Amino acid sequence: MPAERLKVDVQGRALELSNLDKVLYPAAGFTKGEVIDYYTRIAPVLLPHLADRALTRIRYPNGVEDKSFFEKNAPAATPAWVRTENLPAPGSTKGRETIDYVVADDLPTLVWLANLAALELHTPQWKIGGHPDLLVVDLDPGPPAGLRECSQVALLLRDRLALDGLDSYPKTSGKKGMQLCCPIAGTQSSDTVSDYAHRVARELEETHPKLVVSKMAKNLRGGKVFIDWSQNNAAKTTVAPYSLRAQPVPAVSTPLTWDEVAAGAAGKRPAARPYTAAEVLKRVDKHGDLLAPLLDGGPKLTSSGDSRASRQSHLPKP
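Residues numbered from 1 in each chain as written. Predicted model: local features only at pLDDT ≥ 70, side-chain atom pairs only at ≥ 80, totals over all residues. Heavy atoms only, no water.

For the chain, an unreviewed UniProt entry supplies the name Non-homologous end-joining DNA ligase and the organism Micromonospora harpali.

Some remarks on the pairing of strand S5 (residues 56–59)
Burial of the side chains of S5 extends over both faces: Thr-56 and Ile-58 are buried on one face and Arg-57 and Arg-59 on the other. Here S5 runs beside strand S9 (residues 118–123); their pairing, made up of 4 bridges, is antiparallel. Across the sheet, the residue bridging to Ile-58 is Glu-120, located in S9. Pairing geometry for S5 and strand S6 (residues 69–71), over 3 bridges, is antiparallel. By the bridge assignment for S6, Arg-59 is matched with Phe-69. (Buried < 20%, exposed > 50% of the residue type's maximum accessible area, 1.4 Å probe, protein only. Helix = DSSP H or I, 4+ residues; strand = E, 2+ residues; numbered from the N terminus. Pairing = 2+ DSSP bridges.)

A few points about helix H3 (residues 147–163)
Between its first and last C-alpha atoms H3 spans 24 Å; for 17 residues at 1.5 Å apiece the expected length is 24 Å, and the two agree. What H3 keeps buried is the set Leu-147, Cys-150, Ser-151, Val-153, Ala-154, Leu-155, Leu-157, Arg-160 and Leu-161. Check the buried side of H3 and you find it contacts strand S10 (134–141), strand S12 (178–183), helix H4 (190–207), strand S13 (212–213), strand S14 (225–228) and helix H5 (258–265). Following H3 by one or two positions, Gly-165 has its phi on the positive side, about 80°. (Expected span 1.5 Å × (residues − 1). Contact = heavy atoms within 4.5 Å.)

What to know about helix H1 (residues 32–50)
Look at H1: only 21 Å from first C-alpha to last across 19 residues, short of the 27 Å you get at 1.5 Å a residue. Of all the bends in H1, the greatest, near 75°, is centred on Ala-43, and the proline Pro-44 appears no more than four residues after it. All buried positions along H1 are accounted for by Lys-32, Val-35, Ile-36, Tyr-38, Tyr-39, Ile-42, Ala-43, Val-45, Leu-46, Leu-47, His-49 and Leu-50. Where H1 is buried, its residues touch strand S2 (13–18), strand S3 (23–25), strand S4 (30–31), helix H2 (107–115), S9 and helix H6 (277–287). Looking one or two residues beyond H1, the residue adopting positive phi is Asp-52, at roughly 65°. (Bend = angle between axes of the 7 residues up to and from the residue.)

Considerations on the sheet that holds strand S15 (residues 238–239)
Reading across the sheet, the 4 strands line up as S6-S5-S9-S15 and stay open at both edges, with antiparallel pairing between neighbours. Each edge of the open sheet carries a strand with a single partner, namely S6 and S15.

A short note on the pattern of salt bridges
One pass over the full model with this rule turns up 17 salt bridges. Taking the shortest distance from any N to any O, the salt bridge between Asp-140 and Lys-176 comes out at 3.5 Å. Of the two residues, Asp-140 sits in strand S10 while Lys-176 sits in the loop between strand S11 (169–172) and S12, which places them 36 residues apart along the sequence. Judged by relative accessible area, which is 18%, Asp-140 ranks as buried. Measuring nitrogen to oxygen at the nearest pair gives 3.1 Å for the salt bridge that ties Asp-159 to Arg-158. Taking the relative accessible area as the measure of exposure, Arg-158 reaches 26% and is therefore partly exposed. Taken together, the shared-partner salt bridges connect Asp-52, Arg-83, Glu-85 and Asp-105 into one network. (Salt bridge = Lys/Arg side-chain N within 4 Å of Asp/Glu carboxyl O.)

Brief notes about the sheet that holds S13
Here we have 5 strands laid out as an open sheet, ordered S11-S12-S10-S14-S13, and mixed in their pairing. At either end of the open sheet lies a strand with only one pairing partner, and these are S11 and S13. The pairing of S10 with S12 spans 6 bridges and is classified as antiparallel. What sits directly across from Leu-139, in S12, is Met-178.

Concerning the packing of aromatic side chains
The full count for this structure, using the stated rule, is 2 aromatic pairs. Sitting above the plane of the Trp-258 ring, Arg-158 keeps its charged end 4.8 Å from the centroid. Across from the ring centre of Tyr-275, 4.5 Å away, lies the NZ or CZ of Arg-283, which sits over that ring. (Phe/Tyr/Trp six-rings, centres within 6.5 Å; stacked < 30°, edge-to-face > 60°. Lys NZ or Arg CZ within 6 Å of the ring centre and 35° of its normal.)

Some words on the environment of Gly-297
If you trace the backbone, Gly-297 turns up in the loop between H6 and strand S16 (300–301). Residues Gly-297 and Ile-184, 113 residues apart in the sequence, show an inter-C-alpha distance of 5.6 Å. Contacts of Gly-297, omitting those with residues within four sequence positions, involve Pro-183 and Ile-184.

What follows is the structure in structure tokens.
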């Protein structure tokens, strides 16, 4: 029988891993040891997207078919070498003014979190001490709409954002939807970013009313794709690229190419299930990090400027 606990050295940090044979994805037989292995192998492309961002985790100590819990605060017995930051906690359900957030800047921290069965990793759209440097739009299909319709809306949204000089990069949510991520300058408030995303969502709803909805009421989403502009709110987080998701299989929020999105929109690529951990590792070997441009910064949102130019540096307001 394998030892219940295994002492390892990860980049000079002593860690004690436990219950490596515990199955966390019962339908796939995927164990905690395999979760740790996945996060270790994906770390070179994942860690840059987590760096300097307060991390919210969703933990599944007894697997994805059992109870889970959100965790923002650093847990008891957090190692002294794990970076934590005491930050304001907008929207805290426990009424806290501040929280000691974990920041996953290195591989030892990532392995430590994986050992705690922190399967899902979620981050805000800004780095610690800064304003949003990402604009994120979530595409949520209302049945019977699915990933094909999400892909169609993603293409519409890409073209609309490009008119204002924004480059957008697609990824799956790891569940039923998709997300578009756009690098921005990181100089303005979440309200400014959220207002802009809301306006674009309303525009697409007006021009494509049979496909797009911008209102949050769930009873309006049937057969349409909800463009969730509210992801840019100061209290919101979004699943990080390459994070595992709590699905029957070890699904991953997976960066896509625009060719893949176009194929999905045309119904040419099967989209019946999300990519798994093993598939994503192979994709990274082939493509590298498709979301690397998110790390390089982008244009500024401003109230100046006139209407749409093909490559202007400012995103205008009406």
